[in-house]
Amino acid sequence: MRNLGSVDLVAYLRAFALLVRHPQIVLAPLLAAIVGILLLMLMPADSGGGFLASANSGLAGLFAQLISSFGLAVALIVADAAWRRGRAPFDAAWEESVRKAGDILIAALGFTFVIYVAGLVGSIIPLFGSIVLALVALYFFIYALPAAAIGGIPGGATLQVSLERARGAVVPTLLVTALYVITFYVAPTVIEAVLTPLYFGTGLGSRVVPSLVDALVRAILSSYFALVLAKTYTDISFGRRW
């Protein structure tokens, strides 16, 4: 692996144009978001339901995370094709993701597990220990999913590959990690803050419309992130080629 540390900031701008030209990148994250919402609605958290309710809620969250990760993996494959060939048929990307489904899900499980454990261990450290350790884990293992989806790496080896890539490209990895935090933590908080009074304050009494709007916005953000992550991963793995 080449030890590349340069950042292609132009790619962050080009990703917007690619997303406009290839809106099919949004399809898998959008479908995953909708399925995740339905799953959480069918298995909602119930603080008064005891152990079984807590277990159901935890399982629903895990399944939703895996579904979201698979949707992101499909988007990564479409994004990689868009960068390399200028065309990105969704059906071909879907077939490729199905062939790699086992490795993708193993990578997603490993990624989710290490972030969870890092946060759990960090919780014994005062103040922001949990957040800091979770961010450190995120930094080192952020390439696990693209390693499986577009790198062809077996699922069990993706964490090690991600660790090597992150150590060899500090600045690009810091930027893409910051983008991950914005995409999957900061933006959803802002979206929820905007949608809640907008819809529930009108007395509509339904979560359907705000949930669909939420899913669409998150899918667009995830698709942009997929474009940047795919480009960053291929650049630091194989050198900048386009």
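Here is a short report on the structure shown in this document.

Basis of the calculations
- Residues numbered from 1 in each chain as written.
- Predicted model: local features only at pLDDT ≥ 70, side-chain atom pairs only at ≥ 80, totals over all residues.
- Heavy atoms only, no water.
- Helix = DSSP H or I, 4+ residues; strand = E, 2+ residues; numbered from the N terminus.
- Buried < 20%, exposed > 50% of the residue type's maximum accessible area, 1.4 Å probe, protein only.
- Contact = heavy atoms within 4.5 Å.
- Areas by Shrake-Rupley, 256 points an atom, 1.4 Å probe, with all protein chains shown as cover.
- Patch = residues over 30% accessible without salt bridge, like charges linked within 9 Å, V, L, I, M, F, W, Y side chains within 5 Å.
- Salt bridge = Lys/Arg side-chain N within 4 Å of Asp/Glu carboxyl O.
- Axes fitted to C-alpha atoms, helices over the stretch in contact; angles between N-to-C directions.
- Parallel < 35°, antiparallel > 145°, perpendicular 65-115°, else oblique.
- Left-handed = near helix turned anticlockwise from the far one by under 90°.
- Nonpolar A, V, L, I, M, F, W, Y, C, P; charged D, E, K, R; others polar.
- Phe/Tyr/Trp six-rings, centres within 6.5 Å; stacked < 30°, edge-to-face > 60°.

1. So, the overall build of the protein
The number of helices and strands found in the protein is 10 helices and zero strands. Reading the secondary structure of the protein in the N-to-C direction produces α-α-α-α-α-α-α-α-α-α. Counting the 242 residues in the protein, one finds 44% classified as buried. Partitioning the contacts of the protein with sequence separation of at least 6, the portion at a separation of at least 24 is 75%. A total of about 12400 Å² of accessible surface is found on the protein, and carbon and sulfur atoms cover 71% of it.

2. Section: a nonpolar patch on the surface
Side chains of Leu127, Phe128, Ile131, Val132, Leu135 and Val136 sit close together on the surface and give an oily, nonpolar patch of about 620 Å² of accessible area. Tracing the sequence through the fold places valine 136 in helix α6 (residues 129-141). Judged by relative accessible area, valine 136 falls into the partly exposed class, the value being 37%.

3. Digging into the pattern of salt bridges
Within this structure, the stated rule accounts for five salt bridges. Between lysine 100 and glutamate 96 there is a salt bridge; the shortest N-O distance is 2.7 Å. Judged by relative accessible area, which is 17%, lysine 100 ranks as buried. Residues aspartate 214 and arginine 218 are paired through a salt bridge, measuring 2.6 Å at the closest nitrogen-oxygen approach. Residue aspartate 214 and its partner arginine 218 are both found in helix α10 (residues 208-238); the two are separated by four residues, about one turn of the helix. A relative accessible area of 32% places arginine 218 in the partly exposed class. Three or more residues are tied together by salt bridges with common partners; here these are Asp8, Lys231 and Asp235.

4. Considering the packing of helix α2 (residues 27-42) against α10
Between α2 and α10, whose axes approach to 8 Å, the crossing angle comes to 140°. Considering their axes alone, α2 and α10 lie oblique with respect to each other. Note that α2 runs across α10; the crossing there is right-handed. Across the interface between the two elements, Pro29, Leu30, Ala33, Ile34, Ile37 and Met41 of α2 pack against Ser211, Leu212, Ala215, Leu216, Ala219, Ser222 and Ser223 of α10. Residues that form the contact of α2 with α10 fall into these classes: 10 nonpolar, three polar and no charged.

5. A word on the packing of α6 against helix α8 (residues 158-168)
Viewed as axis vectors pointing N to C, α6 and α8 meet at an angle of 95°, and their least axial separation amounts to 6 Å. Taken together, α6 and α8 sit at an angle that is classed as roughly perpendicular. Contacts between α6 and α8 pair Tyr139, Phe140 and Phe141 from the former with Leu159, Ser162, Leu163, Ala166 and Arg167 from the latter. Along the lines of polarity and charge, the residues of the contact of α6 with α8 split into six nonpolar, one polar and one charged.

6. Describing the packing of aromatic side chains
For the structure shown, the criterion picks out 10 aromatic pairs. Where phenylalanine 111 meets tyrosine 180, the ring centres are 6.1 Å apart and the plane angle is 70°; that geometry is what we call edge-to-face. Taken together, the positions of phenylalanine 111 in helix α5 (residues 101-122) and tyrosine 180 in helix α9 (residues 170-200) put the pair 69 residues apart, joining distant regions of the chain. Per residue, the accessibility class of phenylalanine 111 equals that of tyrosine 180, and both read buried. Members of the aromatic cluster, connected to one another through ring pairs, are Phe111, Tyr180, Phe184, Tyr185 and Phe225.

7. Quick word on the environment of glycine 86
Relative to the elements of secondary structure, glycine 86 occurs in the loop between α3 (50-85) and α4 (90-99). Once the C-alpha coordinates of glycine 86 and histidine 22 are considered, the two residues, 64 residues apart in sequence, prove to be 9.1 Å apart. Here glycine 86 is in contact with His22 and Ala81, once residues within four sequence places are set aside.

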